[in-house]
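# Residue-level structure breakdown
Chain by chain, the residues run as shown.
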Amino acid sequence: MFKYIIPFLLLFIVGCATKKPDIDYDPAFQINTLSAFSVVYNAEQSYDTLNDERIRDAIVNEMELKGYLSTAKERADFHIDFKSSIKEDVPSNVGVGFGVGTFTRSMGFSMSTANQIIFTDEETILINMIDPNTKKTFWSTSITQDKKDFKSPQERTDYYNEIVTIMLKEFPPRLVD
């Protein structure tokens, strides 16, 4: 019996893990020449300025940990733009079914529950690294996750710090001369 339950539990745990971000970049762009950045985004177009400030702060913190300097937009080697959006009532792609059955030589019986479609809200975060001279994106990452319910502002801040760290993990650290 346990040999059937353990694989199910493993699939369930893996299925609930944090998704990996989608990363794209221009291989011809010389990232190793960059040293200073500025986070630029339009707060007036945001529907959730508190969370956008949390995301902005997480980006600044993560980039400074990688050795880049936060500076004014006019003096930055590159700009960082981000967007956050919520998509409501997305059908879940996870279904769970349970069944019970028994049989003898001449008779069988089984019973199961039907899968139900579960609707969830999804949040997508997109971060673009932009060359201020050409206005072209040279590195981009995005992640889509089920929208979380938070019990406190600190829990929300910790979540966005973790997500931004995952998203920027592959962005190269600054090369110090």
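Residues numbered from 1 in each chain as written. Predicted model: local features only at pLDDT ≥ 70, side-chain atom pairs only at ≥ 80, totals over all residues. Heavy atoms only, no water.

### Things to note about the overall build of the chain
The helix and strand tally for the chain stands at three helices and eight strands. In the chain, the order of α-helices and β-strands from amino to carboxyl end is α-β-β-α-β-β-β-β-β-β-α. The proportion of buried residues among the 177 residues of the chain is 28%. Summarising the internal contacts of the chain: among those between residues at least 6 apart in sequence, 74% fall at separations of at least 24. Of the roughly 12600 Å² of accessible surface on the chain, 55% is carried by carbon and sulfur atoms. (Helix = DSSP H or I, 4+ residues; strand = E, 2+ residues; numbered from the N terminus. Buried < 20%, exposed > 50% of the residue type's maximum accessible area, 1.4 Å probe, protein only. Contact = heavy atoms within 4.5 Å. Areas by Shrake-Rupley, 256 points an atom, 1.4 Å probe, with all protein chains shown as cover.)

### Thoughts on the packing of helix H2 (residues 49-65) against helix H3 (residues 153-167)
Direction vectors running N to C along H2 and H3 enclose 45°, while the axes themselves pass 9 Å from each other. Classified by the angle between their axes, H2 and H3 sit oblique to one another. Note that H2 runs across H3; the crossing there is right-handed. Contact with H2, carried on its side by Asn51, Arg54, Ile55, Ala58, Ile59 and Glu62, involves Pro153, Arg156, Thr157, Tyr160, Asn161, Val164 and Thr165 of H3 and no other residues of that element. Residue composition of the contact of H2 with H3, grouped by class: six nonpolar, four polar and three charged. (Axes fitted to C-alpha atoms, helices over the stretch in contact; angles between N-to-C directions. Parallel < 35°, antiparallel > 145°, perpendicular 65-115°, else oblique. Left-handed = near helix turned anticlockwise from the far one by under 90°. Nonpolar A, V, L, I, M, F, W, Y, C, P; charged D, E, K, R; others polar.)

### Some points on the pattern of salt bridges
Between side chains of opposite charge, a pair can form as their charged atoms come close. A full pass over the atoms with the stated rule returns two salt bridges. Taking the shortest distance from any N to any O, the salt bridge between Asp57 and Arg56 comes out at 3.6 Å. A salt bridge links Asp81 to Lys83; the nearest nitrogen and oxygen atoms lie 2.9 Å apart. The exposure class assigned to Asp81 is buried, which follows from its relative accessible area of 15%. Overall, the relative accessible area of 48% leaves Lys83 in the partly exposed class. (Salt bridge = Lys/Arg side-chain N within 4 Å of Asp/Glu carboxyl O.)

### A short note on the packing of aromatic side chains
Taken as a whole, this structure holds ten aromatic pairs when the rule is applied. Both rings, one in Phe150 and one in Tyr159, keep their centres 5.3 Å apart while their planes meet at 55°; by these two values the pair is tilted. For Phe150, a relative accessible area of 19% puts it in the buried group. Looking at Tyr159, the relative accessible area reads 11%, which means it is buried. Plain terms: the ring middles of Phe150 and Tyr160 are 6.5 Å apart, the flat faces sit at 40° to each other, and that makes the pair tilted. Of the two residues, Phe150 is situated in the loop between strand S8 (137-146) and H3 and Tyr160 in helix H3; the sequence distance between them amounts to ten residues. For the pair Phe150 and Tyr160, one class covers both residues: buried. Members of the aromatic cluster, joined through ring pairs, are Phe29, Phe37, Tyr68, Phe78, Phe138, Trp139 and Phe171. (Phe/Tyr/Trp six-rings, centres within 6.5 Å; stacked < 30°, edge-to-face > 60°.)

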